Amino acid sequence: MASAILTFRVSPCFGINPKLKPRFRAERLVSGDDNLSVYSVNGGAGSVMEEKEKKGSFLNGGNGRLKPRIEQKMVKKRVCEELEVLWDDGYGTKTVKDYLIAAEEMIKPDGGPPRWFCPVECGQPINDSPLLLFLPGLDGVGMGLILHHKALGKVFKVQCLHIPVQDRTPFEELVKLVEEAIRLEHAYRPNTPIYLVGDSFGGCLALAVAARNPTIDLVLILANPATSFGRSQLQPLFPILEAFPDGLHVTIPYLLSLVMGEPVKMATVGIEGRLSPLQKIEQLSGNLTALLPLLSGMANIIPKETLVWKLKLLKTASAYTNSRLHAIKAEVLVLASDKDNMLPSRDEAQRLMNSLSNCKVRRFKDNGHTLLLEDSLNLLTIIKGTCKYRHSKKHDFIADFVPPSMSEFKYAFDEVAGYIRFASGSAMFSTMEDGKIVQGLAGVPNEGPVLLVGYHMLMGLELSCLIEAFLREKKIMVRGIAHPELFWGKLQSSSNEFAFSDWVKVMGALPVTANYLFKALSTKSHVLLYPGGAREALHYKGEEYKLFWPEQPEFVRMAARFGATIVPFGTVGEDDIAELVLDYNDWMKIPVINERIKESIRDGMKQMERSETNSSLSQGCYQRSQDGFTICSENR
């Protein structure tokens, strides 16, 4: 099988000086077939109060109709300038062992009150970073984010609350302490969100503060919040602790630590996913051997008197918070562990989602109560994948984008998309300036703006291979223009687990609107566009290798506006891997199922209309048809 592809280099003069004619250069690529081949062608930590925020700017605009004259607006460029692609987030370099060692040092009595501190590992954040306050769990040490310090410290001003072991501050006083910090920050930067990360007891504290301050822009990240304390599986055992002999108390925190967390998940932190099963078992065994003796140190972190006090404090906190859930207006993300043996966190997450007006849930089926100290995902990855990271009132997919780190790259393309990459066996070729065809992406420009334009094949399986290749070979983040369903539809909320739709956003996907295409090109990004969209990826029987492109693809005019290099590419082999048995026309002949399909199409239409509102467009970048909608760059 052979393919021929043309590529056009649009001169920057075309977008700047209308008197100069653009110079086009066409090249031809003819190449053979592989199992799955993708061909691309080239034509040519500190205090709450910090220094005042610095404002940068670059061109922005677009009104959705791609008129010859496009309005220019000012927009901030923050993160991408300061964090490189595949940066080191430090995830896996710290473990629960480091937490226990640090806790032993911090619990030494000093007679001081509860206070804020910034861990050394957080370092100096990038400019204009929002404030993140960590509210600890039952231990009160404040080091519960130790696995995530380095990553969070890059994009947040991290402050952790430390409650000394002998401290007996009532719950309402702790609420006022946190409240004072957020009001001070809000007075200094009223248009910047403030993040509260609450672990267990800290989740109650965060919700209580949010209920008392509904006018402040707060983002709450709650890990197994203790609002369900009244339904705890261990509730009958708590009264026994007060009468427990002092001599035997040393065994209680040790046993309690095993109930609260999953030791295997704790010991798995830092083990490379690419290792062989035998090597993983060896490392896991060594980590468990080193970890288990240290768990007995929990008796020093939570002595008997402190444990009894904390349980009473937890009961008060739960009752106080539950009575005020109706007043919470903040943005909330609940992280729930399915194997929480201390609290019914899974059911509580569903209850909170039903009770709060703006709440998302992400479940972790293999984790215990101490989710933030166990092997799961980097907390920053979760915040990015759920679109919670922002600098202003609304999330912006360009200005608020944080490039993927090395640990995210490894996990996404080894664990999430590993099977697809292995099964497809993709091979990539590009054309150099002299017309020579080479294996790899050497012919694609390193400097943007670059617009990659191609066609989807069956299920769009080539997408992950293409993104991975650009990151691996060139350390370039390709910003894919994706279906709005991934951002605002049922697909992103159909499963409460951190799944594919979340990873798409971590890897830089943008909603398919002319506004975001304009912004991406204005920041000299590499942008990936499929004019045929979902209709092309979900084609019918007999439509292999068929294009569903609009007759007037206006993305060419957009690319010309910024002097972008247009790189057409083709995919060969993917449609030959499998053969469709049933397509849309077959499903619509089946009763009951056809009604569900029609309902899904109506929901899809609503999401498309919502995407127009979210991007402030008068008309959306899509084309409607009788069987649903087709994503394209044409504006009607």
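Residues numbered from 1 in each chain as written. Predicted model: local features only at pLDDT ≥ 70, side-chain atom pairs only at ≥ 80, totals over all residues. Heavy atoms only, no water.

Before going further, it helps to examine helix H15 (residues 406-416). Along H15, the residues classified as buried are Glu-408, Phe-409, Ala-412 and Phe-413. The buried residues of H15 occupy an angular sector of 105° when projected down its axis, which confines them to one face. (Buried < 20%, exposed > 50% of the residue type's maximum accessible area, 1.4 Å probe, protein only. Helix = DSSP H or I, 4+ residues; strand = E, 2+ residues; numbered from the N terminus. Arc of directions from axis to C-beta.)

Further remarks concern the pattern of salt bridges. Evaluation of the coordinates by the stated rule reveals 23 salt bridges. Between Arg-390 and Glu-331 there is a salt bridge, with its nearest N and O atoms 2.9 Å apart. Taken as a pair, Arg-390 in the loop between helix H14 (379-385) and H15 and Glu-331 in strand S11 (residues 331-337) lie far apart in primary sequence, 59 residues in all. Glu-331 carries the same exposure label as Arg-390, and that label is buried. Close ionic contact of Asp-338 with Arg-346 constitutes a salt bridge, the shortest N to O distance being 3.8 Å. (Salt bridge = Lys/Arg side-chain N within 4 Å of Asp/Glu carboxyl O.)

Further remarks concern the environment of Leu-145. Position of Leu-145 relative to the elements: it lies in the loop between strand S7 (131-135) and helix H4 (149-155). Taking the C-alpha atoms as reference points, Leu-145 and Leu-379, separated by 234 residues in sequence, lie 8.8 Å from one another. Every residue in contact with Leu-145, bar those within four places of it in the chain, is listed here: Leu-132, Phe-134, Leu-152, Val-197, Leu-372 and Leu-379. (Contact = heavy atoms within 4.5 Å.)

What follows concerns the packing of aromatic side chains. What the rule picks out here adds up to eleven aromatic pairs. On the numbers, 5.9 Å between centres and 75° between planes, the contact of Phe-171 with Phe-201 is edge-to-face. Separated by 30 residues along the polypeptide, Phe-171 in helix H5 (residues 171-188) and Phe-201 in helix H6 (residues 201-212) bring together distant segments of the chain. Across the pair, Phe-201 and Phe-171 agree in class, each one buried. Aromatic side chains Phe-409 and Phe-413 sit 5.3 Å apart centroid to centroid with 55° between the ring planes, which places their arrangement in the tilted category. Residue Phe-409 and its partner Phe-413 are located together in helix H15, separated by four residues, close to a single helical turn. Note on accessibility: Phe-409 and Phe-413 belong to one class, buried. Here a set of aromatic residues connected by ring pairs shows up, and it is made of Phe-156, Tyr-195 and Tyr-389. (Phe/Tyr/Trp six-rings, centres within 6.5 Å; stacked < 30°, edge-to-face > 60°.)

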